[in-house]
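Report on the structure
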2 protein chains.
Amino acid sequence: MSDNKPVIVLVNPQLGQNIGKAARAMLNFGLTEMRLVAPRDGWPNPEAGPAASGADMVLDQAKVYDSTAEALADCSLVYASTVRRRDLVMPVVAPEEMAREIHANEGRTAILFGPERSGLEGSDVQLATKIVTVPINPEFGSLNLAQAVILLAYEWSRGAGEDLVQPTMKDAEPRAPMGELNALIDHLDGALDKAGYFFPPERAEATRTTIRTLLTKPGWSSREISAMFGIVKTLAAPYDRSSKER
Amino acid sequence: MSDNKPVIVLVNPQLGQNIGKAARAMLNFGLTEMRLVAPRDGWPNPEAGPAASGADMVLDQAKVYDSTAEALADCSLVYASTVRRRDLVMPVVAPEEMAREIHANEGRTAILFGPERSGLEGSDVQLATKIVTVPINPEFGSLNLAQAVILLAYEWSRGAGEDLVQPTMKDAEPRAPMGELNALIDHLDGALDKAGYFFPPERAEATRTTIRTLLTKPGWSSREISAMFGIVKTLAAPYDRSSKER
């Protein structure tokens, strides 16, 4: 039995009822860890409990975060549940492949879900390692939040009973938690900013997206991120000095 | 594309809303044929439409029957969606196996679902060829009608595939030729050397190996390598200048 249960992260969920339904969907397949990023109506939400139909333990243990990055800090493998994004160059996997990878991953994993109406924003999708898309009817795609959660939870559970660990899927070293990658990106960003890299300003956001995607793609381990940190710090030293001199 | 789409048969459904939700669940995975056996509140039901979120064509085509036997008359393979029944000696399959069998079957197939509160009665289950049971958390089994429908429709669709939008399994951009990666590594190496990174000298070779491994792992595309080049050149600019000044 793989005990690598993914954390379910709901980003800006709107209705308490839907948070409750998501909890119910999770617990049907044995998932218990829910994280909420800035739920619109605060937390706890009195409408969540009745909709959970008994899955109160999931709601009681749910943790609230201010930002998606904080909610993912201890996770080394993150899937963004969304349709294909033409604006982002990211790997897209089907639920089956996601499930296989989660079972093979040694660190913590998370699955991100966006708000009910709008879905995940690009900036949140970019925090993920990959996009996971449920293949649906191209002429009628209408999955609500709890349905998306239950399908991915079900797919995860299908592999949970067997010994699915596939050595070929695994990297030699486990992926570092997202918090370490984010620290690297922040440091690089600071140095590039001082070096005048983000010019013109209207391109800055797109450039930052590119950098994040570039550095998320490798799936570096903690050791590798630490080595990259050394490289970036060495190169950025003149900028660090110049800022101190100012 | 297997066009053996199972008929979804709802036996004595209670709420129009749940019939609508079941229609929505079906159409997400391309299933369009719904049959209703003696719906409690008659048919059509004004509450079904709004809950179907656009899957009206399923509701419009739904046929009503007086008995389960009549609803199944043209089907050669029938699954009763229910938990295992200790009172009935019948084969029980998991959703995967059901899907495989449906795709292999030449005649029409149907999946039976019982009323919301009580589930299928023994007399209806016995009309089926087999029982299909979604493996759920033994300590918390709480699937509602639409959830049961969506999980089995999804499982069916996994084998039907071709017409559904399949996510691409590979990255959108091909890996860059090694020459481009080597040029990036060389440039970085030159900058790091000037910055005094390769110290002590006896560690230099191991450090260079680490850097190469780090940068080979991502499988960056030409576009991505070009972006990394920009980053490295920006950070390395002070070293380039200092070497020219010497």
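The rules behind these values
Residues numbered from 1 in each chain as written. Chains lettered and ligands numbered in written order. Predicted model: local features only at pLDDT ≥ 70, side-chain atom pairs only at ≥ 80, totals over all residues. Heavy atoms only, no water. Domains from an automatic or database assignment. Contact = heavy atoms within 4.5 Å. Buried area = accessible area lost by both parts, 1.4 Å probe. 1 Å grid on protein atoms, 1.4 Å probe; cavity = no way out; pocket = protein on both sides within 12 Å on 5 of 7 lines; lining within 4 Å. Points joined across faces, edges and corners; volume = space filled by probe spheres on them. Helix = DSSP H or I, 4+ residues; strand = E, 2+ residues; numbered from the N terminus. Buried < 20%, exposed > 50% of the residue type's maximum accessible area, 1.4 Å probe, protein only. Pairing = 2+ DSSP bridges. Right-handed = clockwise from strand over helix to strand, strands pointing away.

As a further point, take the domain arrangement of chain A. Residue and element names in this part refer to chain A. Taken domain by domain, chain A comprises domain 1 (7-163) and domain 2 (178-245). The gap between the C-alpha centroids of domain 1 and domain 2 is 28 Å. Facing twelve residues of domain 1, the contacting portion of domain 2 comprises seven residues. Summed over both sides, the interface of domain 1 with domain 2 buries roughly 750 Å², with 57% coming from carbon and sulfur.

Here we take up empty space enclosed by the protein. Applying the stated criterion across every chain, the model contains three cavities of 30 Å³ or more. Its boundaries defined by the atoms lining it, the largest cavity holds a volume of some 90 Å³. In terms of lining residues, the largest cavity is bounded by Leu188, Leu215, Met228, Ile231, Val232 and Leu235 of chain A together with Leu188, Leu215, Met228, Ile231, Val232 and Leu235 of chain B. The set of elements that each furnish at least two residues to the lining of the largest cavity consists of α10 (222-245) of chain A together with α10 (222-245) of chain B.

A separate point is the pairing of strand β2 (residues 34-37) of chain B. Residue and element names in this part refer to chain B. In β2, alternate side chains face the same way, and those of Met34 and Leu36 on one face and Arg35 and Val37 on the other are all buried. Two elements, strand β1 (residues 7-11) and β2, share four bridges in a ladder whose sense is parallel. Residue pairing in the sheet places Ile8 in a bridge with Met34 of β2. Handedness of the crossover is the feature at issue here: the chain leaves β1, passes through helix α1 (residues 16-28), returns alongside β2, and the resulting connection is right-handed.

All names here are of chain B. Judged by pairing direction, the sheet is parallel, and its seven strands sit side by side in the order β3-β2-β1-β6-β4-β7-β5 without closing on themselves. Strand pairing shows two members of the sheet lacking a second neighbour, β3 (63-65) and β5 (92-93), which therefore form its edges. Two elements, β1 and strand β6 (residues 108-113), share four bridges in a ladder whose sense is parallel. Counted as the bridge partner of Leu10 is Phe113 from β6.

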